Amino acid sequence: MPENTFALKKNLRLVDSTALVAGSMIGSGIFIASADMSRQLGSPGWLLVAWLITGVLTLIAALSYGELAGMMPKAGGQYVYLREAYNPLTGFLYGWTLFLVIQTGTIAAVAMAFAKYTGVLIPWVSEKNCWLDLGFVRFNTVHIIAISSLMFLTWLNSKGIKTGKIIQNGFT
């Protein structure tokens, strides 16, 4: 069997890869965090200073990850860096924490933010508009929109990389 039989296909071009990274770095946080930051900081000038500082910190982190990737050019990213720097258990625990908590929590938060912002455009989508009350759990229309959007995007991404990159490029 040839060695490259299971090689990954290179289906993402520069624009697609850039949109993927930009979407991951910026994401919806800029929409969610800015409102709270504005309330806390009190003026547009301080908001810009805060974004400038976080931009510099992000650049430093990106350069650090670039150095790590140059030193350890293996698939796995942070998992590999933690495994090599500390021990395999640390990498293992980070990997499972990322899978079970970090990524899922982030995705849920973004879906809820999307649903709440949808409520600004469509007043029917509201936390006060209960859709289903089972006693121990209550679903309002914001929850339904958040869950539906996750299911829809999951289905779209399961259609393949061509569909996924069109969606990613569009949202970015």
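Each value, and the rule that gives it
- Residues numbered from 1 in each chain as written.
- Predicted model: local features only at pLDDT ≥ 70, side-chain atom pairs only at ≥ 80, totals over all residues.
- Heavy atoms only, no water.
- Phe/Tyr/Trp six-rings, centres within 6.5 Å; stacked < 30°, edge-to-face > 60°.
- Helix = DSSP H or I, 4+ residues; strand = E, 2+ residues; numbered from the N terminus.
- Buried < 20%, exposed > 50% of the residue type's maximum accessible area, 1.4 Å probe, protein only.
- Contact = heavy atoms within 4.5 Å.
- 1 Å grid on protein atoms, 1.4 Å probe; cavity = no way out; pocket = protein on both sides within 12 Å on 5 of 7 lines; lining within 4 Å.
- Points joined across faces, edges and corners; volume = space filled by probe spheres on them.
- Nonpolar A, V, L, I, M, F, W, Y, C, P; charged D, E, K, R; others polar.

### Remarks on the packing of aromatic side chains
Two aromatic rings are characterised by how far apart their centres lie and by the angle between their planes.
Stage number 1. Within this structure, the stated rule accounts for four aromatic pairs.
Stage number 2. Between Trp96 and Phe99 the ring centres are 5.7 Å apart and the planes differ by 85 degrees, which places this aromatic pair in the edge-to-face class. Of this pair, Trp96 and Phe99 both sit in helix H5 (residues 88–121), three residues apart, roughly one helical turn.
Stage number 3. Taken together, the aromatic side chains of Phe92, Trp96 and Phe99 make up a single cluster linked through ring pairs.

### Some details on the environment of Ala50
Stage number 1. With respect to the helices and strands, Ala50 occurs in helix H3 (residues 44–71).
Stage number 2. Looking at Ala50, the relative accessible area reads 16%, which means it is buried.
Stage number 3. Sequence-wise, Ala50 and Ser38 are 12 residues apart; in three dimensions their C-alpha atoms are separated by 10.0 Å.
Stage number 4. Sequence-distant contacts of Ala50, defined by excluding residues within four places in its chain, comprise Met37 and Leu41.

### Remarks on the layout of surface pockets
Stage number 1. By volume, the second largest pocket amounts to about 510 Å³.
Stage number 2. Forming the boundary of the second largest pocket are 18 residues, of which Val21, Ser24, Met25, Ile26 and Thr58 lie nearest the centre.
Stage number 3. Contributions of two or more residues to the lining of the second largest pocket are made by helix H1 (14–25), helix H2 (29–41), H3, helix H4 (78–85) and H5.
Stage number 4. It is H3 that provides the largest number of residues to the lining of the second largest pocket, a total of seven residues.
Stage number 5. By residue class, the composition of the lining of the second largest pocket is 11 nonpolar, seven polar and no charged.

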